[in-house]
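Residue strings, one per chain:
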Amino acid sequence: MESCLAVEKDVVKVLTKFNAFNDHSKRVVTELIDQITGLKAELQNAPEDHTLTFIQQELLIQTMTKIKDTVSRLAIEHRDLHSSVSKVGKSIDRNFTPDFAACSRENVFNNPEKMDIINKVICKHYYRQGMHDVADALLKEAHVTVERYEKEPFTEVHHICDSLKNKDLEPLLAWATAHHDSLEAENSPLEFMTHRLKYIELLKLGAGFQSEAIAYARNHFRNFVQKHEKDIQTLMGMLLYVPNGISHSPYGIYFSTDTEMWLEIYDLFIKNACQLLGVSENSPLITCINAGCQAIPALLNIKQVMMQRQVSQIWKGAEELPIEIDLGSDSRYHSMFACPILRQQSTKNNPPMRLICGHVISKDALQKLANGNKLKCPYCPMEQSPQDARQVYF
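Sequence order as written defines the numbering, with residues in each chain counted from 1. Per-residue local features of the predicted model are confined to residues with pLDDT of at least 70, and side-chain atom pairs are confined, for both listing and counting, to 80 or more; whole-chain, interface and lining totals are unaffected and use all residues. Side-chain calculation: all heavy atoms of the structure are included, whereas hydrogens and water are not.

Draft legend 1. Main features of the overall build of the protein chain. Secondary structure assignment for the protein chain yields 14 helices and 5 strands. For the protein chain, whose C-alpha radius of gyration is 35 Å, the value lies well above the compact-globule estimate of 21 Å for 394 residues. Along the longest, intermediate and shortest principal axes, the C-alpha atoms of the protein chain span 120 × 80 × 55 Å. Relative accessibility thresholds used throughout: buried, under 20% of the residue-type maximum; exposed, over 50%; partly exposed, between the two (1.4 Å probe, protein chains only). Burial statistics for the protein chain: of 394 residues in total, 27% are counted as buried. Here a residue-residue contact requires only that any non-hydrogen atoms of the pair lie within 4.5 Å. In the protein chain, the proportion of contacts linking residues at least 24 apart, taken out of those at least 6 apart, comes to 56%. Total accessible area on the protein chain is roughly 27000 Å²; 54% of this is exposed by carbon and sulfur atoms. Taking the average place of the 43 positive charges on the side chains of the protein chain and the average place of its 49 negative ones, the gap between the two points comes to 8 Å. Secondary structure elements follow DSSP: runs of H or I no shorter than four residues count as helices, runs of E no shorter than two count as strands, and numbering proceeds from the N terminus. We compute the radius of gyration over the C-alpha atoms and compare it with the globule rule, which gives 2.2 Å times the number of residues raised to the power 0.38. Method for areas: the Shrake-Rupley scheme with a 1.4 Å probe, in which residue coverage is limited to the protein chains shown. Neither His nor the chain termini are counted; the positive set is Lys and Arg, and the negative set is Asp and Glu. Where a charge lies is defined by one atom per residue type: Lys uses NZ, Arg uses CZ, Asp uses CG and Glu uses CD.

So this is what it looks like as structure tokens:
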């Protein structure tokens with residue numbers, strides 16, 4: 001991200017120069033054209049046997065000189081723009097390293113089985129985006145197969161997303177009604193929010209649809225009174241202002257921010273649909289790309305520093321990275337334990353171990369702290385046997 005911002009600054013400078021040169025050149029050329037047009041009109045209106053006076057001759061000479069100087073000056077300014085553009089290229093080369101292979105292990109995808117996995121990941125991403133034709137073509141050309149149950153649910157999800165983009169709530173209402181019990185189990189307000197938006201859309205149509213809005217509220221809000229009583233009371237209060245224009249009433253904010261309500265329902269539907277399907281909100285491909293965009297710049301920097309200091313052999317690239325890469329809480333999919341003694345994250349070979357006193361340390365720390373058959377907890381004075389420690393499973 002820092003590299004992108006650095007290049008963006010140079011691009012903005014070039015664009016600013018381009019705009020300034022464009023405005024300046026247009027103004028100067030327009031002035032010259034007006035001046036030449038005036039001289040041309042004056043000469044055309046002169047008698048046929050008219051002889052140019054000394055003042056007219058000087059004026060023509062000055063105009064020609066001015067044109068020549070202006071064109072020359074504009075050409076020089078235009079050449080200066082080329083140097084500014086070339087600086088952008090140098091900035092890109094300086095801020096971006098093309099050798100991304102320095103941060104990856106060799107021969108990671110060197111067999112057909114792993115290539116099939118990559119193709120499947122890409123195909124599933126296309127299915128999630130609704131690009132079924134592209135996904136089917138890739139499956140055919142790559143000679144891989146994706147189970148029917150893996151792509152059909154995303155077809156329905158994508159259809160509902162397209163309907164929401166067109167402000168059509170009916171497909172989502174049908175889906176939310178069909179999955180009522182599952183949404184209730186997840187404590188999701190999606191179904192109520194969808195009915196609320198449908199009700200508000202009816203009120204926006206004016207007093208002629210007031211009866212229809214009341215009937216809709218009676219049929220659909222009764223199931224949500226227990227959880228959304230105050231919201232329903234607010235929605236019923238809107239009816240008092242429908243005849244006089246509800247958009248100018250105390251409830252007008254609900255109608256001025258209706259676009260935000262559509263976006264909120266769209267995002268909530270994606271989240272709930274993925275939860276019910278048992279998949280992450282983002283496709284694995286997007287997750288990998290986002291993780292790479294955050295991790296690669298830091299890894300490239302540390303790789304360059306290690307090469308300059310001639311300690312690149314420290315990074316063996318087997319099971320761990322030379323520095324900690326924090327991708328944020330959104331990219332954490334399972335519980336983690338870091339040893340409070342050695343400051344290392346636990347692994348299969350170095351699992352967390354619970355002591356009798358209740359404190360947890362890593363297996364490596366346990367072995368280093370043990371003195372024969374005695375172990376003193378590093379956090380409390382209790383002495384115990386290392387054999388009494390038990391492995392903790394997350």
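From this point, things continue past the structure.
Draft legend 2. Region of the structure containing the sheet that holds strand E2 (residues 360-362). The sheet built from 3 strands is open, its strands ordered E2-E1-E5 with antiparallel pairing. Pairing within the sheet leaves two strands with one partner each, and these edge strands are E2 and strand E5 (390-391). With 2 bridges connecting them, strand E1 (residues 352-354) and E5 associate as antiparallel partners. Residue pairing in the sheet places Arg354 in a bridge with Arg390 of E5. Strand pairing is assigned whenever DSSP detects at least two bridges linking the two strands.

Draft legend 3. How the structure looks around the side chain of Gln210. The residue Gln210 is located in helix H9 (residues 210-220) in this model. Other than its neighbours up to four places away in sequence, Gln210 contacts Leu239, Val242 and Pro243.

Draft legend 4. Structural detail: helix H1 (residues 2-44). Every helix has an expected span of 1.5 Å times one less than the residues it contains. Over its 43 residues, H1 extends 63 Å from the first C-alpha to the last, a length consistent with the 63 Å expected when each residue adds 1.5 Å. Residues of H1 that are buried make contact with helix H2 (54-95).

Draft legend 5. Up close: the side chain of Arg128. Relative to the elements of secondary structure, Arg128 occurs in helix H3 (residues 112-128). Residue classification places Arg128 among the buried residues on the basis of a relative accessible area of 16%. The residues touching Arg128, leaving out its near neighbours within four places in the chain, are Phe154, His158, Cys274, Val279, Ser280, Glu281, Asn282, Ser283 and Pro284.

Draft legend 6. Local environment of unusual backbone geometry. Positive phi, close to 60 degrees, is recorded for Lys167, a residue that is not glycine. Summarising the element assignment, Lys167 is placed in the loop between helix H5 (148-165) and helix H6 (170-178). Lys167 sits in the partly exposed class, given a relative accessible area of 46%. Not every positive phi belongs to a glycine, and Asn187 is a case in point at roughly 55 degrees.

Draft legend 7. Representation of the confidence of the model for the protein chain within the structure. The score called pLDDT rates the predictor's confidence residue by residue, from a low of 0 to a high of 100. Residues of the protein chain with pLDDT of at least 70 account for 93%, and the chain-wide mean is 82. Helix H11 (residues 253-256) is the least confidently modelled element of the protein chain, averaging 76 in pLDDT, while H6 averages 92, the highest of any element.

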